[in-house]
Each structure stands twice: as C-alpha cells, then as structure tokens.
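Here are the chains, one letter per residue:
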Amino acid sequence: MIAEAGLAALWLAAALSLLGLFLSVVHVRGKLDADRAVRSLAIVQGVLCLLAFAMLLVAFANTDLSVALVAENSHSAKPLIYKIAGAWGNHEGSMLLWVTVLGLSGTALAAFSRQLPSRTLIAALGAQAALALGFHAFLLFASNPFARLDPPAPQGRGLNPLLQDPGLAFHPPTLYLGYVGLSVAFSLAVGAMLAGDVDRKLARAMRPWVLGAWIFLTLGITAGSYWAYYELGWGGWWFWDPVENASLMPWLASTALLHSVAVLAARNALKAWTMMLAVIAFSMSMVGTFLVRSGILTSVHAFAVDPTRGAFILILLGLYVTAAFLLFAVRAATLREGAPFDPVSREAAIVVNNLLLTVILGIVFIGTLYPLMAEAVSGEKISVGAPYFNAVAGPLAILLGILLAVGPLLSWRQEKRPVLRKLALPALFAATALVIAFLALPQATVLAKLGLALAAGLIPAAVLPLIGRNPLRTPLAVWGMAIAHLGAGVAVAGMAADSAFTVEKLTASRPGETVSVGPWLVRFESVAPVAGPNWTAVEAELRASRGGGVQILRPQSRFFTSPPTETNEAAIKTLLNGQLYTVLGQADAEGRWQLRLWWKPLVTLIWFGGVLVGLGGLLAFVGHARRAWRRRALI
Amino acid sequence: MSRAFRLLPIILLVWVLLAFAWRLIQPPDPTVRSQLVNREVPQFVLQPLVDGVPGLTSADLATGEPRLLNLFGSWCVPCIGEAPVLEDLQRRGVKIDGIAIRDTASGVSAFLRRHGNPYARVGSDPNSNVQLALGSAGVPETFVVDGKGVIRRQYVGPISSSDVSKIIVELKELR
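Residues numbered from 1 in each chain as written. Chains lettered and ligands numbered in written order. Predicted model: local features only at pLDDT ≥ 70, side-chain atom pairs only at ≥ 80, totals over all residues.

**Let's talk about the overall build of chain B**
Inference 1: Of regular secondary structure, chain B possesses five helices and seven strands.
Inference 2: Along the chain direction, N to C, the helices and strands of chain B fall in the order α-β-β-β-α-β-α-β-α-β-β-α.
Inference 3: Scaling as 2.2 N^0.38, a compact globule of 175 residues should have a C-alpha radius of gyration of about 16 Å, whereas chain B reaches 22 Å, well beyond that.
Inference 4: Projecting the C-alpha coordinates of chain B onto the three principal axes gives extents of approximately 85 × 35 × 30 Å.
Inference 5: For chain B, long-range pairs separated by at least 24 residues make up 76% of all intrachain contacts whose partners lie at least 6 apart in sequence. (Helix = DSSP H or I, 4+ residues; strand = E, 2+ residues; numbered from the N terminus. Rg over C-alpha atoms; globule rule 2.2 N^0.38 Å. Contact = placed C-beta atoms within 7 Å.)

This is the structure in structure tokens:
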C-alpha cells in the first residue's frame, strides 16, 4: 500500500505541474488572472512530492522487500540510520529526492516571494513547473522508485559498505539542496526575462535562493571532501574526479552569481550578466546530475549506468538550457544596463571576480570533458588530472584571493580614498611568509608557497572591513562577508599547508617495530580481530608518541559480508596542529603488515575554512532576510 | 553585447550536447590497451629455475616463430585454473614460454609436476623486474609475440578454453 500511495502522489504531482505550467502561460499572456491558482498548484505539488518521498523512507525503514528498490539496496541487518539513508543512496531514490527538493523550492517560491510583480512571479513558477514536469516524467517513465518485486526477495542485497557512513546520510541531501535551490534562480531569471522586469526587486528576490543554495553547496562540498579523505583512506582531500568537479562547477557559477546579484540589488547594474550566470549556474547543476547519473565519465563514484536514463536527462538538459539561452539571446539586448561605475570601484572588483570565477569554471569544465571530447575526435584515451587543474586553475585562484583582499574595501561606484594603505599590514605578512616559504621550504611546490603567502595576507585582510565599525551596528551581511572571506583564507592556509608540510611513510612492519613519520614515533603494538554488526575486521593498535603525550590509533582492514567487500578504515587522530592519519593494509607471507602513515600539519583548516565560508553565508542570509522582513513591516 | 556574444553560449551548448549524445551512443570501453602492443619485447636474460627446463632470454622470443609468453606463479591460484588451457594449446602445437614471477625452484617444479608443463622454457623473475618492464601488473598474464619478438596482444588474467581457437588463429596469421 505504502509504495502505491507514493506512486499515486508522484502522478498527481506531475499532473498538477502540467496544469500549473498551462495556467501560468495563460496568465503571462494576459488572457486570465490565474495568479492564485498557479501559486496554490505550486504549493500542493511540492507537498505531494514530499509525501511520495516520505513513503519511500517508510518502505526503507521497514525493509519492505516487495519493493524492488529496497530489495536491491537494503538489508534487514543494517542499522536503522543506514536503512533510511539507503533510500537516497541509489539512483531512483536520489532522483526522487532531487524532484522533492525541486517541488519544495516551488512551494517556497510561491509562498514567500510576494514583493515581485505578478507577471514575473507567475512566469517563474511556470518555468519551475516545466522543470518539475520533465523530471517527474523521468522518474515515472525511466526510474520508478516504487516498482514492486513479485515475488518479494527473501533478503535485501545490502548497500555498498563504503556508503555505510554518517557522511552519506547528509552529504547527498545537502548537495541536492544546493543543486536544486539554484533551479529557483534559473526560474526567476527566465520569468524576469519573459516578463521584461530585470531590476533590483528581482535581485532581492533571487538573492536568498542563490545564497541558500550556495551555503548548501559549500557545506556539501566540504563534507564530501572530508568524507573522501577519511573513508577512502588515500590521504587526499580532493581528487579532481569528474563527480567532484560536477559539484564544484555549480559552486563556482553560484559564487559568481552571488556577487553579481549583489551588484544588481545594490546598484541596478550587471543585468544581462546576472541573468546569464543564473542560467549557467543551474545548467551546471543539471550537467552535474547528468554526468553522475549517466555514468559517461569514468569515476571513482561508480553509480549504476543506464544509457536510456542518460539519454532522458540529456534531452531534458538540452531542452531547458537551450530554451533559456535562446530567451537570453533574444532578450539580453533589450535589458538596459543600469548605473555606470569607475574602473576602481567595488562593482569593477566584482566584475573581475566574476571573470576569474567564470574562467576557472571554464577550466574545470574543459578538464572534466576533455577526455570525452578527445576520444570523440581522435579515438585516443587520455585522462586529465591534478597536474592540469592545479597548474591552470591554481594561479587564477591565487589572483582571485588577492582580489578578495582588496575588493571589500572599495566603495560602490567610485573609489576616491587611498584604501590600499589599509592593506599595508596584510601585504607585509604575505611578503614575509613568501620569503620564509622560499628560504625554508625548498621541497614545496611554487603553488604551495604562494598559497601560504596568500593565506598569511588574506586572513588579516578579510577582517579589515569590520575594523573601525561599531560591531553591534554593523549589518549582519557585512559580518557574513568578512567571515566567509576569512574562511576562504583559512581554507587556502590548510590546502597550502597540506601540500607543503605533509610527511608520508609506507612501510611493511611486524608488531613490535617502531616507525617514524615527521615528528612522531609510531610503535606498531599488535593486530587483533574485531567484529561489528555486519563486518569483521583486523585491527592494528598503534602507539604514537611525540615528546610526552601518547596517542593510540586503531586502523582497521574491514571485510563486509553482504555484499562481500573489503575496505580500509583509516584511524585519524586530530590534534590542534594537525592530523596523524594511519591506514592498515594487507599482511604478507612473512607476517609483516603494510602500514601507511601520514603526518598532516594544519590539514583540518581546509574543512574548518569551508565551514566558516558556509557560516558567513548563513549570517548574510539571516541579515538580508531580517532586512526584507523589516521593510515589509514598514509597508 | 554583440550578437556573437549572445549566440556563443548556444553554439557551445549544442557542441557539448552533441558530445554527450555521442558518448551515450558509444559507451566507454573500460579495457586498458597495453602500451607495449606493437613494440619489441624489452631486453632481458632470465636464469633457469627447474632442472631440465632452460631459462629464457628476450632473444628466444625472436626466432621467427610466433609464440605465447605466459607470466605465472606457483603461488597463484588462477594460474592453476589456466594450466589445462595452456596444455591444450601446447598439444595443438603452440609454442609457449613461461616467466615464473617471484617464485622458488621447489615451488615451480612442484607446480609443473602437478599441473603439467606446457612451457618450452621457463625463466625466473624473482623481483618482478621483467614483469614490470613488460607492463604487466599481475599474474597470470599472457602475451602474443610474433616471430620478430614484437608484442601483438596482451591478455590480462587467465586465458580460458574459449580463447583457444582465437589464439590459434591469431598465431597462424602472424606466421
């Protein structure tokens, strides 16, 4: 019954989005006032999606093995949290989550964006309904999550053990909230271009969506990076894998959009550019979804591959993005550019920021798709990895970092004050760090040295906009900006420190032997078998000492029973000044075990910085929401 | 804001969409082609390991007659499964040379006694040096080598009885 109820809710939601699309077209053409009907339809449609998703959660929580998806991906012996997380740890469930977030975004747009002109809002809701309709069709015709299995399976087929991890419970939903939140920016841009109303009001309505989606993307990428770091046991935090790039590209586009929408809101400038970025940002989300779901690129994230599904998403992607770009091509010329600005002004800094971010986006896009293009042209197989991305995007990211120190100090329209003087101290820090890095770290890469210098300058420069202001009267949005920029500096410090200072040791040792890694002496005490709910493992005990304190680490080599799989559980000891990262590998015939040890000074700053960036975004979000609320209360 | 600027995104988009569609129609082939195919076997001299079976040098692979070069180990379980297939090939007149990877004399002679000896020569590669030079990552692997000592094909993993006729045809064509 549960599965049928879910399926019925999905069909009904699809029908309502079709009706919503029809009515919004009628309304925008001025034939009929369907304002209230379109809004109500959008709200009910979102709630129905939520209902369908809840039904799927129930089926997973009860391990209902007569539902094909549950039988494929779950197991009665799994802990409850992973049963529930299993609902979106597979293709159909994750697409249902995608559609649910899309529907709920429509709900929120219909319920809260009242300050927009009716024609713009209804056109945007129509665009949102068109998006929903396509993805509903995809769910219902190509990936039905509620398909029954007759007869029911005697037992489920488990879940990839790598995915039995708290990270999985939060990482995909967070990223999806980000991906799909950008759909509203897309719909608003399409709606505004259709209605011909691209102005500050639109920017104010769009900003919370961009900001919200961007916060989730930031946190999702940060969490995903940490998950790969501790779960894969490779000691790296970013692999330039196609699926990672698929999440980075919407982030880069939405970071650019976030800044240009601020210019539009404050100064009524950069109209066409902002519309373009809004279209690109969501297009990148769809490209990401396509890359991940069609499996056309080889990746460590090996999801189920099905060419029909890929073709379906490709058609949707082509349809939506082509339509939006065509609309842009037709309407961009009619958008009159707003207030002019000087080459030295905050607008100009943001334009350069946007250009740099867009170029980096292009670099990542080309690098991700180049293997595909090259094979299409020459039939040659190649792979593009870290050397390309670091060498090409790295220097631009450094430039972006320098700009990030200067931009927030400039005033709107025209800068007449000598602001560069304020940057003397941060510049001194950066220069000192650069000299020290070149003298003391001959083995570090140039990029790492530049990164260390940049971080040394950026961290103090990021808080400069707060200096000399009354902390209580400073708007939350300014606090948010400063904290997000500070977070970027902190993350750069972590990345550069990881690259410059990490020490790695790979040994084959017997219990009782001692290995040194960086400042640590690690004694390999013993190996012993241990067992968990659905796995058994060999666990090593390592006693790491450095001067006085002793740390105990217990890395495991785990064997899962269903399906039979072997994974390495790294043991990581986090200290204030870094992480000790240990992995236990295989034993050889002579009783020696492979041990992989890393001492990674300051590496945690990467994710701490990411969280700070997200927190800054959240403060700005609250600040803008509060101001909008007050303004409405005044009217 | 020229027309070119406005149309550029669409042109790029169409190009990307076409590439995506092409890839969907032609799914990627996950097999990794050996970089050594159509190259000469690297120079090596490997000592004999078992009494009565001579050692192997790269010159032995360029005698004018196409042959198979099989990398195996007495400690390797899939190699046991592959042994009867190699024997079958040898009975049909295929010349096979072996390289024992990280192995001992007693291990290899016991392996050949128990599972049969299809090899004309067996060289010992105690530290995997030749294996790595051949671009091989594991055992068993089998190379098809033509009469001039040039590698023509690499089979990764055990060859099965369904490969036999294909290999015989392949060797006949190289003659």
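Now that the structure has been shown, we can carry on.
**Regarding the overall build of chain A**
Inference 1: Each helix and strand counted, chain A has 17 helices and ten strands in total.
Inference 2: For 635 residues, the compact-globule estimate of 2.2 N^0.38 gives 26 Å, and the C-alpha radius of gyration of chain A, at 26 Å, lies within 12% of that figure.
Inference 3: Contacts in chain A between residues at least 24 apart in sequence constitute 75% of all its contacts with a sequence separation of at least 6.

**Notes on the sheet that holds strand β1 (residues 503-509) of chain A**
All names here are of chain A.
Inference 1: Taken together, four strands build an open sheet; the order of strands is β1-β10-β9-β8 and the sheet is antiparallel. Looking at the sheet topology across the chains shown, the edges are occupied by β1 and β8 (571-575). Between one strand and the next, the sheet's axes are offset by a mean angle of 15°, whatever the strand orientation.
Inference 2: Here β8 pairs with strand β9 (residues 578-587) via five bridges, running antiparallel. Residue pairing for β9: Ile572 is matched across the bridge by Tyr581. (Pairing = 2+ DSSP bridges. Axes fitted to C-alpha atoms, helices over the stretch in contact; angles between N-to-C directions.)

**As for the nonpolar core**
Inference 1: Residues A:Ala185 and A:Val279 are the most contacted members of the largest nonpolar core, which totals 184 residues.
Inference 2: Here this core takes 17 residues from helix α8 (residues 200-231) of chain A, the largest share from any one element.
Inference 3: If we ignore the near neighbours within four places in the chain, the residues touching A:Val279 are A:Phe186, A:Ala189, A:Ala324, A:Phe325 and A:Phe328.
Inference 4: Formed by 29 residues, the second largest nonpolar core is a distinct cluster that contains B:Phe72, B:Cys76, B:Leu134 and B:Phe143. (Core = buried A, V, L, I, M, F, W, Y, C linked by C-beta atoms within 7 Å. Buried ≥ 20, exposed ≤ 12 C-beta atoms within 10 Å, placed from the backbone.)

**Thoughts on the packing of helix α1 (residues 2-28) of chain A against helix α6 (residues 118-142) of chain A**
The description of two packed helices rests on the angle between their axes and on the distance between the axes.
All names here are of chain A.
Inference 1: At a minimum axis distance of 8 Å, the contact between α1 and α6 shows a crossing angle of 150°. Between α1 and α6, the angle is such that the two are roughly antiparallel. When the axes of α1 and α6 are compared, the crossing they make is left-handed. Note on element contacts: α6 touches α1 through Arg119, Ile122, Ala123, Leu125, Gly126, Ala129, Ala130, Ala132, Leu133, His136, Leu139 and Leu140, opposite Leu10, Trp11, Ala13, Ala14, Ser17, Leu18, Gly20, Leu21, Ser24, Val25, His27 and Val28. (Parallel < 35°, antiparallel > 145°, perpendicular 65-115°, else oblique. Left-handed = near helix turned anticlockwise from the far one by under 90°.)

**Considering the pairing of strand β4 (residues 96-101) of chain B**
All names here are of chain B.
Inference 1: The buried fraction of β4 amounts to five of the six residues, a majority that puts the element mostly inside the structure.
Inference 2: Across five bridges, the pairing between strand β3 (residues 67-72) and β4 is parallel. In the strand pairing of β4, Asn70 is matched with Gly98.
Inference 3: This β-α-β element, β3 to helix α2 (residues 77-91) to β4, shows right-handed connectivity.
Inference 4: In this fold, the crossover linking β4 to strand β5 (residues 121-125) by way of helix α3 (residues 105-115) has right-handed handedness. (Right-handed = clockwise from strand over helix to strand, strands pointing away.)

**Thoughts on the interface of chain B and chain A**
Inference 1: If you look at the interface, chain B gives 16 residues, while chain A gives 22 residues.
Inference 2: Across the side of chain B that touches chain A, the residue classes break down as 14 nonpolar, no polar and two charged. (Nonpolar A, V, L, I, M, F, W, Y, C, P; charged D, E, K, R; others polar.)

**Here's the deal with unusual backbone geometry**
Inference 1: The omega angle of the peptide bond from A:Asp150 to A:Pro151 is 0°, so this bond is cis rather than trans.
Inference 2: Considering the arrangement of structural elements, one finds A:Pro151 in the loop between α6 and α7 (166-195).
Inference 3: Along the chain, B:Val139 connects to B:Pro140 via a cis peptide bond; the corresponding omega equals -10°.
Inference 4: With respect to the helices, strands and loops of the structure, B:Pro140 is situated in the loop between α4 (129-133) and β6 (141-145).
Inference 5: The phi dihedral of A:Thr63 is positive, around 45°, even though this residue is not glycine.

**Brief notes about the packing of helix α12 (residues 346-378) of chain A against helix α13 (residues 386-406) of chain A**
Residue and element names in this part refer to chain A.
Inference 1: Closest axis-to-axis distance for the α12/α13 pair is 10 Å, and the angle between their directions is 165°. Taken together, the axis directions place α12 and α13 in an arrangement best described as roughly antiparallel. For the element pair α12 and α13, the recorded crossing hand is left-handed. Here Ala349, Val352, Asn353, Leu356, Leu357, Val359, Ile360, Ile363, Val364 and Gly367 of α12 come into contact with α13, specifically with Tyr388, Phe389, Val392, Ala393, Leu396, Ala397, Leu399, Leu400, Leu403 and Val406.
Inference 2: Here the contact of α12 with α13 is composed, by residue class, of 18 nonpolar, two polar and no charged.

**Describing the sheet that holds β3(B)**
Residues and elements named next belong to chain B.
Inference 1: Here five strands make up an open sheet; going across it, the order is β5-β4-β3-β6-β7 and the pairing mixed. Edge positions in the sheet fall to β5 and β7 (151-156), since each has one partner strand and no second. Strand-to-strand, the axes of this sheet are offset by a mean angle of 20°, without reference to chain direction.
Inference 2: Looking at chain direction, β6 and β7 are connected through five bridges and run antiparallel. The partner of Thr142 across the bridge, within β7, is Tyr155.

**Re the environment of A:Leu506**
All names here are of chain A.
Inference 1: Looking at the secondary structure, you find Leu506 in strand β1.
Inference 2: On the basis of neighbour count, Leu506 is assigned to the partly exposed category, with 13 C-beta atoms found within 10 Å.
Inference 3: In sequence terms Leu506 and Pro471 are 35 residues apart; their C-alpha atoms lie 50 Å from each other.

**Examining the confidence of the model for chain B**
Inference 1: Residues of chain B with pLDDT of at least 70 account for 92%, and the chain-wide mean is 85.
Inference 2: Scored as a complex, the prediction yields pTM 0.82 and ipTM 0.70. (pLDDT = per-residue confidence, 0-100.)

**Digging into the environment of A:Ala111**
Inference 1: Positionally, A:Ala111 belongs in helix α5 (residues 91-112).
Inference 2: When the C-alpha atoms of A:Ala111 and A:Arg39 are compared, they prove to be 7.3 Å apart, with 72 residues separating the residues in sequence.

**So, helix α10 (residues 271-294) of chain A**
Inference 1: With 24 residues, α10(A) should reach 34 Å at 1.5 Å per residue; the first-to-last C-alpha distance of 34 Å fits that figure.
Inference 2: Of all 24 residues in α10(A), 24 are buried; the element is thus mostly enclosed. (Expected span 1.5 Å × (residues − 1).)

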